[in-house]
Each structure stands twice: as structure tokens, then as C-alpha cells.
Amino acid sequence: MLKLGKNVHFNIITNTQKYKQFLRNINVTSYNKEKEEPVAEPNVIIEKDQNITLIGLNRPEHRNSIDSATASLLCEALNKFEADETSPVAVLYGIGGSFCAGYDVKELEEQIEKGSLEFLLKRDGAAGPTRRHLRKPVVAGINGFCVGNGLELALMCDLRVMEDTAVMGFFNRYMGVPLSDGGTVRLAASVGYSRALDLITTGRRITAQEALELGLINRIVTTGTGLGQAVNLACSIEKFPNAALQHDRNTMYANVYDKKEFRIGAQNEVLTISHDVLQEMKEGVIRFEKSKAKGSRTKSWDIKQKFIPDWEKTEIEHEERYAREKKNKNK
């Protein structure tokens, strides 16, 4: 017997022609065939979890810092999500231990040496499509470092879920790099003028607890559960009628950033109600009336129940245990 590799054995064949044919049949070209080089993964990975679009920053060796190529891929990914009629909400997260450590310092240094700062002049933004409002909701799952342009990227998202050991901050302050991805606009709208000035001018570290107290994030979760809990939050948005949700979201953005008078904002809230919103309203009232006829215990909205896999149940149990331990510790 002659052994080939680990599991292939064959009898010695004396006939040369048969032997050559046998080698062709099992696709063997050489006993010393070198291992193929692994295929490099893209810097931005797009996946779907039912109707939820998952967009992952995939430069873990650089703590998911953004270079120009990654920024372009992120723009493409979010444009693709916005064009996908089957996906009403997305989750943006970082792979390998950090959400995003800001703009790639090596590339930034190269551009400075060349006397070019083209990344600042990009129409969409230096770190992605940060200089416009996204047309659909995006939830950020934040772990590890979320600093510099990475924090501006998180602010671009509608909601933010942050792991309890993650860190935020405008660390670009230490290098003299200005905010260029909407941070000065969105931060003040999120936490207020005075607090925004504090965070921007000092560049100090922000813990998850302080970020929650400031209104910079929406949830604190246990380390390692950021992505799963961000998906859970996205599912709690996805289950509702979409037209009315989008109307209220867009109106709020317009009133926060565009409308300076209450009267104009209130008028905009009513005048932007579309036919789709009215149709959903009609269907919702009918569902509600039918549910009243069946009794008070019947759910008034026909909302699909989310299947919870075992790994997610484990995360939920972990979260509940963490909350109990923290409560007992504070007593």
C-alpha cells in the first residue's frame, strides 16, 4: 500500500497509463503540492439575519480603523442596505474586539507627507457616509475602542448598544486631528451643547456608564454580547409597521437639525404624512378593534414573534445574572 496525504490509500499500479489516469481522476498533480494561500477577507462584511442587515468592520489587526478603501466599502454596504426593500434596519459592528479606532493613522501620515488631505474632502465622509442622514435605522453594536472618527461613525447610527468594558472618546484631540464626520453636529444634538464641548475639547475617555448617563448610548450590555443585543434591539424596531416608523424618524431628524421654529416643525410633522402611513393607520385601527372584540388579553398588533436561538437565550440569562449581581452589590 502507498499512502497519499492523510486519508488516501491506493495499490501500486504497474500500468503507466492507468496510473496517470488514476492521478487525474483524484486531481493529484504533485506529492509536494504547497498549501494554497488563504483568501483575504474584505474589510467590510455584509450578512443578513432574516430581515436584519449585519455590516461588520473587518480590520481587527488595526482595531477596525478606517482607511480610504474601507470607507468606500462601508458607503457601498450602507447604500446596498438602503436599496434593500426587504431589510428595514441594519446593525453596524466591529469584528475582533473593537468597534472602530478612528481613521487609519498610517494612511493619514502618508497623506500629510504628500501634502494631501483628500479624505477630508470626500463628499460622503472620511469614515463612511457620515455627512448625510441614512434613509433607514441603523443600530451600532459597540465593543472595545470606539474613538475618534469611530465615535463619529457610531453617532451616525440611530441607536447605540455599548459593552460595559468598551471605551469612547475623541482621542484624535491628542494628534491635532479635527472632527470631520458630523461629530460636532450630532454630538450636541445628542447630549447638549455644554456636554458636547466638554467631550470634544478635552478628548477624555468616556466609560459605558457615563455614556449612558450623558445620553450618548441607549443600552449597556455585558462584554461579548454587544452584537447579539444590538440585533435584539434591531428586531424590536423591525417588527413594527415601517411607513409610520420611518415618517416619525424622518420628522424628528428634520425638527432637530433643520426646523428652527416649533410652529414650522409641527407643520412639517403633519404635512409629511404619506398615503402609506394612512394605509398602515387604517389597518392598525382595524386590528385594534378586532382585538378588543376578542378580549383584553389578546395582543392588539399582529407582530410576529422572534425565534430565540439557544446562544441568544444564554446571553439573556447572562445579562439577567449580571443585573442581579450588580443590584445586590449596590445594596
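Residues numbered from 1 in each chain as written. Predicted model: local features only at pLDDT ≥ 70, side-chain atom pairs only at ≥ 80, totals over all residues. Heavy atoms only, no water.

Draft legend 1. Spotlight on the overall build of the protein chain. Of the regular secondary structure elements, the protein chain holds 12 helices and 10 strands. Across the 331 residues in the protein chain, those meeting the buried criterion constitute 40%. Summarising the internal contacts of the protein chain: among those between residues at least 6 apart in sequence, 66% fall at separations of at least 24. (Helix = DSSP H or I, 4+ residues; strand = E, 2+ residues; numbered from the N terminus. Buried < 20%, exposed > 50% of the residue type's maximum accessible area, 1.4 Å probe, protein only. Contact = heavy atoms within 4.5 Å.)

Draft legend 2. Region of interest: helix H2 (residues 68-83). With 16 residues, H2 should reach 22 Å at 1.5 Å per residue; the first-to-last C-alpha distance of 23 Å fits that figure. Contacts made by the buried residues of H2 are with strand E3 (44-49), strand E4 (52-57), strand E5 (89-94), strand E6 (138-142) and helix H4 (149-156). (Expected span 1.5 Å × (residues − 1).)

Draft legend 3. Just the packing of aromatic side chains, in detail. Summed over all chains, the structure comprises two aromatic pairs. Measuring from ring centre to ring centre gives 6.2 Å for Phe171 and Tyr174, while their planes differ by 75°; the resulting arrangement is edge-to-face. For Phe171, a relative accessible area of 22% translates into the label partly exposed. Residue Tyr174 is classed as exposed on the basis of its relative accessible area, which comes to 62%. (Phe/Tyr/Trp six-rings, centres within 6.5 Å; stacked < 30°, edge-to-face > 60°.)

Draft legend 4. A nonpolar patch on the surface, seen in detail. On the surface, a nonpolar cluster with roughly 360 Å² of combined accessible area is contributed by Val105, Tyr174 and Met175. Looking at the element boundaries, Tyr174 is found in the loop between strand E9 (167-169) and helix H5 (183-191). (Patch = residues over 30% accessible without salt bridge, like charges linked within 9 Å, V, L, I, M, F, W, Y side chains within 5 Å. Areas by Shrake-Rupley, 256 points an atom, 1.4 Å probe, with all protein chains shown as cover. Salt bridge = Lys/Arg side-chain N within 4 Å of Asp/Glu carboxyl O.)

Draft legend 5. Spotlight on the sheet that holds strand E8 (residues 159-163). Read across the open sheet, the six strands follow the order E3-E4-E5-E6-E8-E10; overall the sheet is mixed. Sheet topology places E3 and strand E10 (219-221) at the edges, where each strand pairs with a single neighbour. Within the sheet, the average angular offset between the axes of one strand and its neighbour, ignoring direction, is 20°. Pairing analysis gives four bridges linking E5 to E6, with the strands arranged parallel. (Pairing = 2+ DSSP bridges. Axes fitted to C-alpha atoms, helices over the stretch in contact; angles between N-to-C directions.)

Draft legend 6. Fine view of the nonpolar core. Membership of the largest hydrophobic core comes to 41 residues, with the highest contact counts inside it found for Leu92, Phe99, Ile142, Met168, Leu187 and Leu216. Looking at this core, the elements that each hand over two or more residues are E4, H2, E5, E6, H4, H5, helix H6 (193-202) and helix H7 (208-214). Among residues more than four places away in sequence, those in contact with Met168 are Ile142, Cys146, Val147, Leu151, Met162, Arg204, Arg205, Ile206, Ala211, Leu216 and Ile217. Ile52, Val139, Leu233 and Cys235 belong to the second largest nonpolar core, which has 14 residues in total. (Core = buried A, V, L, I, M, F, W, Y, C linked by side-chain atoms within 4.5 Å.)

Draft legend 7. Structural detail: the packing of H5 against H6. The geometry of H5 relative to H6 is characterised by a closest axis approach of 7 Å and an angle of 130° between their N-to-C directions. Judged on the interaxial angle alone, H6 and H5 are oblique. Note that H5 runs across H6; the crossing there is right-handed. Contacts between H5 and H6 involve Thr184, Leu187, Ala188 and Val191 on the former and, on the latter, Tyr193, Arg195, Ala196, Leu199 and Ile200. (Parallel < 35°, antiparallel > 145°, perpendicular 65-115°, else oblique. Left-handed = near helix turned anticlockwise from the far one by under 90°.)

Draft legend 8. Spotlight on the packing of helix H8 (residues 226-238) against helix H12 (residues 310-330). Two numbers describe how H8 lies on H12: the axes approach to 10 Å, and their chain directions differ by 100°. In terms of orientation, H8 lies roughly perpendicular with respect to H12. When H8 is examined against H12, the residues Gly228, Gln229 and Asn232 are found in contact with a partner set consisting of Trp311, Glu312, Glu315 and Glu319. Broken down by class, the residue content of the contact of H8 with H12 amounts to one nonpolar, three polar and three charged. (Nonpolar A, V, L, I, M, F, W, Y, C, P; charged D, E, K, R; others polar.)

Draft legend 9. Focus on the pairing of E5. Judged by how many residues are buried, E5 sits mostly within the fold: six of six residues are covered. Side chains Val89, Val91 and Tyr93 of E5 all project onto a buried face; the interleaved residues Ala90, Leu92 and Gly94 project onto the opposite face, where all are buried too. By the bridge criterion, six bridges tie E4 to E5 in an arrangement that is parallel. Across the sheet, residue Ile55 finds its bridge partner in E5, namely Leu92. Taken together, E4, H2 and E5 form a β-α-β motif whose crossover is right-handed. (Right-handed = clockwise from strand over helix to strand, strands pointing away.)

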